[in-house]
Amino acid sequence: MSVNVNSITDSYNAWYDYKYGGNTRGISASEISDIETRWKSNLKSWEAQAAKDENKYEISDDDFSSSKAQGKQNAKDQTGCSGKKGGMIARGAADAVVSVGGALAQAPGTFLNKAIEPIAPGKGPWIITAPLALAVGIAYQAKKPNKDEHEAAVELRDDMLPNAQGDLSEAQAVMDEATENVIELSEEANDVNEDANETIEENKTRFDQYRGALVELQEKAKSGEKLTDSEKELYQELVPSLQDLGEGIQETAEDVGEEVTDLRDDIGSYQSEYDSAADTIAEVQGLTDYAAGFDETAQIMTYVEAVSQGLNVATGTQAALQAGKYALSHNIAGAWAWAFVGMGTAGAVMSGLGAAEQYKWAGDIGQEIDLREATQDFGSQTLDSYNDQIDIYDDNIAIVEDLEVAIPDDLEIPEEIPEMGETDSTSDSPMLAQQEDDKKKDKEEKA
């Protein structure tokens, strides 16, 4: 059998799925018959529970959103990065324009070269592009574009995301243990309730037998027939025995009611475990949403910056070569051009370092993106597990709340007859033997 028929939780879930869930577990009709036979005393409460609107317990949308927002704010506070895409794109675009400016200056340099040619023959665009290349290199080293985003991504990669995955693992373990305990408590409550109903049923059967014997003796006495000594003795014992059985049934019901209530409260105590897990899931979701809000854009901007700095390397190098050629060809008269060689070379070196740095940062951010996506997947799986387990929690709460002790409503004891007449020592009642057997059975059970 694919259902543990001795488990009330598994049996209820299988029964509910068969009746109302489209039988996704493929339960057979014979299995349902076995379940309904085993748990026939619970079917009424199961039907009532199934008929209710499904107002499952779960963390509210407001609470989840609040925890999610807290997770995002925690990430902002720890990384010190706003994570706003718009600002990064605008800032990165501006930096890229400045960087590419060195290369674009080739064209206006050629125009200016024609303008100054009559005054200073032989000068080329390097007279403009060399200083501009230097300016771009200096600007990069001063601004360090994408630095804040890179540092935030590294903080996420090396600390926050690994810790978040650890928190999710812990939340999953807490929920698994809570659900296991909830099911055990639910089944314990059902066993206690079932045992009580069996005890009450046995005592009610005995009560009915004793009451029958009492009525039989009363009828005999009323008819004027004499009772034997043993029947008279039995008669005197039946009334207190019936009283004890009736009181015992009431006490059993009260004791079990208290015990089941305590077990229900024990189950309810695990609600905080699920709440805590939901808070963790929401906070991690806030963290990953924060990271997703800037990391991919930041990686793109590091590549853009790397390319633009690479163009400045080419521009500065070309300007340095052109200025050097001019200086060599004009001897002392062109010595001043060596300053432009230095400008172009310095700009190229600084931008070369910048390009390498940006490519490294892009790789670091790429690692963070991979880890962030893995954390998002893990978070989604944990959220699915939470939804499944909170349903199990809710079902077991409902099962225990619907447990009932079947208290008989006909526990009345026939009134005693004041005078039972004379004794007939020659007659004996068959109910006396029954009474003696019951006494013997009680002693054996107590032993």
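Bear in mind that the values here come from a model prediction, so they are computed numbers and not experimental data.

Draft legend 1. Local environment of the overall build of the protein chain. The helix and strand tally for the protein chain stands at 13 helices and 0 strands. When the helices and strands of the protein chain are listed from N to C terminus, the series reads α-α-α-α-α-α-α-α-α-α-α-α-α. Buried positions account for 43% of the 447 residues belonging to the protein chain. A separation of at least 24 residues holds for 87% of the contacts in the protein chain among residues at least 6 apart in sequence. Accessible surface, the protein chain: about 22800 Å² in total, of which carbon and sulfur atoms supply 51%.

Draft legend 2. Expanded view of the pattern of salt bridges. Using the criterion set out here, one finds 14 salt bridges in the structure. The partner of K204 in a salt bridge is D410, with the nearest N and O atoms 3.4 Å apart. Here K204, found in helix α8 (residues 147–222), pairs with D410, found in the loop between α12 (338–401) and α13 (430–446); they are 206 residues apart in sequence, far enough to count as distant. Notably, a salt bridge pairs R211 with D410, separated by 3.8 Å at the nearest N-O pair. Here D410 lies in the loop between α12 and α13 and R211 lies in helix α8, a separation of 199 residues in the sequence. Looking at R211, the relative accessible area reads 18%, which means it is buried. Relative accessible area serves as the criterion here: at 35%, D410 is assigned to the partly exposed category. Sharing partners across several salt bridges, the network here consists of R157, D158, K360 and D364.

Draft legend 3. Representation of the environment of R372 within the structure. Mapped onto the elements, R372 comes out in helix α12. Residue class for R372 comes out buried when judged on its relative accessible area of 4%. Beyond its immediate chain neighbours, meaning those up to four positions away, R372 contacts L161, T288, A291, A292, D295 and E296.

Draft legend 4. Geometry of the environment of T179. Of note, T179 is situated in helix α8. Along the primary structure T179 and I392 are separated by 213 residues, whereas in three dimensions their C-alpha atoms are 7.3 Å apart. Each residue touching T179, except ones within four places of it in the same chain, is listed here: Y274, Q389 and I392. Of the polar contacts made by the side chain of T179, one reaches the side chain of Y274; its length is 2.8 Å.

Draft legend 5. Spatial organisation of helix α11 (residues 295–329). Along its 35 residues, α11 runs 51 Å from first to last C-alpha, staying within 8% of the 51 Å computed at 1.5 Å per residue. Looking one or two residues past α11, N331 carries a phi angle of roughly 50°, positive in sign.

Draft legend 6. Here's a closer look at a nonpolar patch on the surface. Residues Y303, V307, L311 and Y359 make up a contiguous nonpolar surface patch of roughly 370 Å² in combined accessible area. It is α11 that provides the largest number of residues to the nonpolar patch, a total of 3 residues. Relative to the assigned elements, V307 resides in helix α11.

Draft legend 7. Looking closely at the packing of aromatic side chains. With the rule as written, the count across this model stands at 10 aromatic pairs. Judged by centre distance (5.7 Å) and plane angle (85°), the rings of W336 and F340 are edge-to-face. The exposure class of W336 is partly exposed, given its relative accessible area of 32%. Look at F340 and you get buried, because its relative accessible area is 14%.

Draft legend 8. Region of interest: the nonpolar core. Grouped together as the largest cluster of nonpolar side chains are 40 residues, with contacts concentrated most on L156, I267, Y274, L287, Y290, Y386 and Y393. Examining the composition of this core, we find that 15 residues originate from one element, α8, more than from any other. Residues Y210, L214, V239 and L242 belong to the second largest nonpolar core, which totals 17 residues.

Draft legend 9. Focus on helix α2 (residues 29–38). Among all positions in α2, only E31, I32 and I35 are buried. One side of α2 carries all its buried residues, which in axial view fall inside an arc of 100°. Turned more than 90 degrees away from the buried face of α2 sit A29 and T37, all of them exposed.

Draft legend 10. Representation of the packing of α8 against helix α10 (residues 271–292). In contact at an axis separation of 9 Å, α8 and α10 are set at 160° when each is read in the N-to-C sense. Between α8 and α10, the angle falls in the class roughly antiparallel. Classified by chirality, the crossing of α10 by α8 is left-handed. Broken down by class, the residue content of the contact of α8 with α10 amounts to 18 nonpolar, 3 polar and 2 charged.

Draft legend 11. Structural detail: the side chain of N193. By the element assignment, N193 lies in helix α8. In this structure N193 comes out as buried when scored by relative accessible area, which is 7%. The residues touching N193, leaving out its near neighbours within four places in the chain, are V256, V260, L403, E404 and V405.

Draft legend 12. Representation of unusual backbone geometry. A positive phi angle, near 50°, is found at K144, a position not held by glycine. Checked against the element boundaries, K144 lands in the loop between α7 (126–143) and α8. Owing to a relative accessible area of 22%, K144 belongs among the partly exposed residues under this scheme. A positive phi angle, close to 50°, is found at N331, a residue other than glycine. Counting through the fold element by element, N331 comes out in the loop between α11 and α12.

Thresholds applied
Numbering of residues begins from 1 in every chain and follows the order in which that chain's sequence is written. Local features in a predicted model are, by the rule used here, given only for residues with pLDDT of at least 70; side-chain atom pairs are given and counted only at 80 or more, and totals for whole chains, interfaces and linings are based on all residues. Based on all heavy atoms of the structure, the side-chain values leave hydrogens and waters out of the count. Numbered from the N terminus, helices here are DSSP runs of H or I no shorter than four residues, and strands are runs of E no shorter than two. Residue exposure (1.4 Å probe, protein chains only): buried if accessible area is under 20% of the type maximum, exposed if over 50%, otherwise partly exposed. Between two residues, a contact is recorded if the distance between any of their heavy atoms is within 4.5 Å. Note that accessible areas follow from Shrake-Rupley with a 1.4 Å probe, and for residues the cover is restricted to the protein chains shown. Here, a salt bridge means any Lys or Arg side-chain nitrogen found within 4 Å of an Asp or Glu carboxyl oxygen. Counting of polar contacts relies on pairs of N or O atoms within 3.5 Å, with two restrictions inside protein: one atom must be capable of donating a hydrogen and the other of accepting it, and residues adjacent in sequence are counted only when both atoms are side-chain atoms. Between the first and last residue of a helix there are one fewer steps than residues, each counted as 1.5 Å, and that sum is the expected span. Residues form patches when they are more than 30% accessible in relative terms and have no salt bridge. Like charges link within 9 Å. Nonpolar side chains (Val, Leu, Ile, Met, Phe, Trp, Tyr) link within 5 Å. Two rings belonging to Phe, Tyr or Trp (six-membered ring only in the last case) form a pair when the distance between their centres is within 6.5 Å. Interplanar angles under 30 degrees mark stacking, angles over 60 mark edge-to-face geometry, and anything in between is tilted. Residues enter a nonpolar core if they are buried and are Ala, Val, Leu, Ile, Met, Phe, Trp, Tyr or Cys, with the set joined through side-chain atoms within 4.5 Å. Directions are taken from the helix axis to each C-beta atom, and the arc is the one they span. All axes here are fitted lines through C-alpha atoms, helices being fitted over the stretch that makes contact, and every angle between N-to-C directions spans 0 to 180 degrees. In these notes the angle categories are as follows: under 35 degrees is roughly parallel, over 145 is roughly antiparallel, 65 to 115 is roughly perpendicular, and the rest is oblique. Two helices that cross are described as forming a left-handed crossing if the nearer one is turned anticlockwise from the farther one by less than a right angle, and a right-handed crossing if clockwise. Only Asp, Glu, Lys and Arg are considered charged in this grouping, and only Ala, Val, Leu, Ile, Met, Phe, Trp, Tyr, Cys and Pro are considered nonpolar; every other residue, Gly among them, is considered polar.

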